[in-house]
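Here is what each chain is made of, one letter per residue.
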Amino acid sequence: MSNLRRCRAGVIMLAITVVLAWAFIPAVKLFINHGVAALASLDQQGIEHFIRAWGPQAALVSFFLMILQAIIAPLPAFILTFANASLFGAFWGGLLSWSSAMAGATLCFYLARVLGREAVEKLTGKRVLESMDGFFARYGKHTILICRLLPFVPFDPISYAAGLTAIRFRDFFLATGLGQLPATVVYSLVGSMLTGGTFWFVTGLSILFALSVLIIMVKSLWLARQKNEH
């Protein structure tokens, strides 16, 4: 059996298991429904309350929440990163956010590779996916790294879009891990220290910082391309 067929079988079995658990196990259904509601509220304190209520299993619940928001994109993950930092501290919260985001990105990548474009369009929206296609057409192999550095580019649609390309998973995984690291560090430091108006002020500064990094990278890529053409 080829790797793709094994992935397809694994994804189908996972999907069936989740659907059956949601349908027939009340605790699972309650967790998913409340988790989605907490994420959709975009309320950091509400998300923290939901995670904290699970006591010793709080970190595991946060991990699954990150994967859940990845599947039901485009819910933003940065609020969950702030919540993790507030609950578990900058280092452990940041590590939890980074590792769970990597797991979510991996799942999105393989879902797209197994299910195909039509299914991905239903998950992300046709226009969103087409905008992601534009990034790949413009930046090529550098797309993953560049988009991970941009706070306003949806994290999960890029993962889905990458799964529809010929990019190797290893390259996708490395670029995702490196690209999301700066934002995870910044958001975790902010989330562990700040709330309220100051929270949003520093968030704005973080976005400006990411934009500055992007401009430098794009300029470098453009100069390199011009040099190769000449």
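Residues numbered from 1 in each chain as written. Predicted model: local features only at pLDDT ≥ 70, side-chain atom pairs only at ≥ 80, totals over all residues. Heavy atoms only, no water.

(A) Just a nonpolar patch on the surface, in detail. A surface patch of nonpolar side chains, about 380 Å² in accessible area, is lined by L181, V185, L189 and M193. A relative accessible area of 61% places M193 in the exposed class. (Patch = residues over 30% accessible without salt bridge, like charges linked within 9 Å, V, L, I, M, F, W, Y side chains within 5 Å. Areas by Shrake-Rupley, 256 points an atom, 1.4 Å probe, with all protein chains shown as cover. Salt bridge = Lys/Arg side-chain N within 4 Å of Asp/Glu carboxyl O. Buried < 20%, exposed > 50% of the residue type's maximum accessible area, 1.4 Å probe, protein only.)

(B) Spotlight on the UniProt feature "transmembrane region" (unreviewed entry) in the protein. Within this numbering scheme, the UniProt entry marks residues 12-32, 58-83, 89-112 and 200-224 as carrying the feature "transmembrane region" (unreviewed entry). This span, residues 89-112, is 96% helix and 0% strand, and a straight line between its end C-alpha atoms measures 34 Å. (UniProt positions renumbered as here; feature names shortened; annotations may be inferred. Helix = DSSP H or I, 4+ residues; strand = E, 2+ residues; numbered from the N terminus.)

(C) Region of the structure containing the packing of aromatic side chains. For the coordinates displayed, the defined rule picks out 11 aromatic pairs. Pairing F50 with W54 gives two aromatic rings, centres 6.4 Å apart and planes at 65°, and the pair type is edge-to-face. Its relative accessible area of 12% is what places F50 among the buried residues. Here F63 and F64 contribute two aromatic rings whose centre-to-centre distance is 6.4 Å and whose plane-to-plane angle is 85°, an arrangement assigned as edge-to-face. An aromatic cluster of three or more residues is present, and its members are F109, Y110, F169, F172 and F173. One Lys or Arg, R148, reaches over the ring of F155 and ends 3.9 Å from the middle of that ring. (Phe/Tyr/Trp six-rings, centres within 6.5 Å; stacked < 30°, edge-to-face > 60°. Lys NZ or Arg CZ within 6 Å of the ring centre and 35° of its normal.)

(D) Structural view of the packing of helix α4 (residues 58-71) against helix α5 (residues 78-88). Running from N to C, α4 and α5 cross one another at 170°; their axes reach a closest spacing of 11 Å. One element, α4, and the other, α5, form an angle in the roughly antiparallel class. Mapping the contact onto sequence places A58, A59, S62, L65 and M66 in α4 and L80, T81, N84 and F88 in α5. Of the residues contributing to the contact of α4 with α5, the split by class is six nonpolar, three polar and no charged. (Axes fitted to C-alpha atoms, helices over the stretch in contact; angles between N-to-C directions. Parallel < 35°, antiparallel > 145°, perpendicular 65-115°, else oblique. Contact = heavy atoms within 4.5 Å. Nonpolar A, V, L, I, M, F, W, Y, C, P; charged D, E, K, R; others polar.)

(E) Structural context of the environment of A183. With respect to the helices and strands, the residue A183 is situated in helix α11 (residues 169-193). A183 sits 33 residues away from L150 along the chain, and the two C-alpha atoms are 8.8 Å apart.

(F) Representation of α4 within the structure. Taking 1.5 Å of rise per residue, the 14 residues of α4 would be expected to cover 20 Å, and the 20 Å separating its terminal C-alpha atoms lies within 8% of that figure. Among all positions of α4, only A58, V61, S62, L65, M66, I67, L68, Q69 and A70 are buried. Close packing links the buried residues of α4 with α2 (26-40), α3 (44-52), α5, α6 (90-115) and α10 (155-163). (Expected span 1.5 Å × (residues − 1).)

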